[in-house]
Number of protein chains: 2
Amino acid sequence: MDFVIELKKRGHRITKPREVICSILETSGHEHFTVEKLHNLASRKDRNIDLATVYRTLELLEEVNIVEHSHQVHGSGIYYLKSEYDNSHIICESCKSIYDLKEETKKTINEILIKDSHFDSINHHFIYSGVCKKCK
Amino acid sequence: MDFVIELKKRGHRITKPREVICSILETSGHEHFTVEKLHNLASRKDRNIDLATVYRTLELLEEVNIVEHSHQVHGSGIYYLKSEYDNSHIICESCKSIYDLKEETKKTINEILIKDSHFDSINHHFIYSGVCKKCK
DNA sequence: TTCCATGCAAAAGATTTGCACGCAG
DNA sequence: CTGCGTGCAAATCTTTTGCATGGAA
C-alpha cells in the first residue's frame, strides 16, 4: 500500500515532505517514533523538513487512519502505524524500549473491554509500562 | 486514611498547600483531575497556591504511591488516586467524560498482560477511548 | 534555629499557529 | 493560474527549575 496515493485519493497533494515521511512509516514495521526521531530521519532523507511540517503530516495521516499516536509516561507523543489491534504497546521504564504486545493479547483485551465497558466501540490507545527482562 | 499523615510519617512537612490538595483528593472518590482543575480548586480553598506547588505536591504524592497520573489524548496530564487496579480509565472522545472501568475488567486485563507479555510486573497506565452511550 | 517547601519568575520542552512564498495540480 | 502546503518565526501550552524568603519542626 502506498500512503501518498491514499492521500492523493482524498484530495491532498503529494509533496516531497509527505513522500519522505510516508516512506519512512511504510518501511517501519511496527516501530514507534517520537516526533523528533521522525523529524531527524526525514531531514536526513531530504533537505531540512520543518518540525511543524512533520506535525502537520502526522496529523493528516492520523485523519486518514494510517497513523495513530499516544503519549509516553512523561507526556510527549509517539506515532506509529495504525492497524486493527496494533495501537498498543508496552514500554520499559528502565531502558525505554518499546515492545508490541502479542496479537492475541491485544485481541483478548479488546474483546474484554467491549464486553465489560459501557462503550460499544473502543479505540484503544494505551501504554503499559514495566521493567523488561533485559533490565532485571 | 489521612494523606498528610502519610507524608509526615515519611519525613515530609505538613503545609497548608499540601493539606488543601490532599483534602481535595481524599474526598474526590475516583475523580480524575487535570492539573489546572486541581489548581483552581486548591486556590479557591486557600489563598492562591502556585501551579508549581501543585505539580510538586502531586509528584510527591505519586512518589508515596497515593496518586498516579496518565495523559489525555492531547498530551496534558490527569491525576487521580491510585488503588491496586485503579490506574486505568476510559474517556469519551465526544464529551470528554472520564469513566472508570469495572474492577473485574481491570483485574482481568492485568492478569492477561502479566501472563502474555515478557514483563514480569506491569504498572499499567493507560487510556482507552471511544464514544459513550450518552453521545450516541 | 535549621532547612524544607513555597511563590514567583524564568526556562524548557512539546505542539500549534500566522504569514508570505513556492510549487503541485 | 490557483490555492494548498511549506518553512520560518512567533505564540501557546504544559511542566520544570532556580532562587530568595517564610514557616514547620
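Computed from a predicted structure; not experimentally measured.

About the criteria used
Residues numbered from 1 in each chain as written. Chains lettered and ligands numbered in written order. Predicted model: local features only at pLDDT ≥ 70, side-chain atom pairs only at ≥ 80, totals over all residues. Heavy atoms only, no water. Helix = DSSP H or I, 4+ residues; strand = E, 2+ residues; numbered from the N terminus. Buried < 20%, exposed > 50% of the residue type's maximum accessible area, 1.4 Å probe, protein only. Contact = heavy atoms within 4.5 Å. Near = heavy atom within 4 Å. Polar contact = N/O pair within 3.5 Å; in protein donor to acceptor, adjacent residues only side chain to side chain. Nonpolar A, V, L, I, M, F, W, Y, C, P; charged D, E, K, R; others polar.

**Q** Where do I start with the overall build of chain A in this structure?
**A** Secondary structure assignment for chain A yields five helices and six strands. Sequence-ordered secondary structure for chain A, helices as α and strands as β, is α-α-β-α-α-β-β-β-β-α-β. Split into buried and exposed, the 136 residues of chain A put 50% on the buried side. By sequence separation, contacts in chain A at least 24 residues apart represent 49% of the contacts at least 6 residues apart.

**Q** Would you take a moment to explain the protein's contact with DNA strand D for this structure?
**A** Inspection of the region around DNA strand D gives 20 residues, with Arg13(A), Thr15(A), Thr53(A), Arg13(B) and Tyr55(B) positioned closest. In DNA strand D, atoms within 4 Å of the protein come from the sugar-phosphate backbone in 63% of cases. For DNA strand D, a phosphate oxygen lies 2.8 Å from a polar atom in the side chain of Thr15(A). At a separation of 3.4 Å, a base oxygen of DNA strand D approaches a polar side-chain atom of Arg56(B). The set of elements that each furnish at least two residues to the surface near DNA strand D consists of helix H2 (16-26) and helix H4 (51-63) of chain A together with helix H4 (51-63) of chain B. Ranked by residues supplied to the surface near DNA strand D, first place goes to H4(B) with four residues. Counted by class, the surface near DNA strand D contains seven nonpolar, six polar and seven charged residues.

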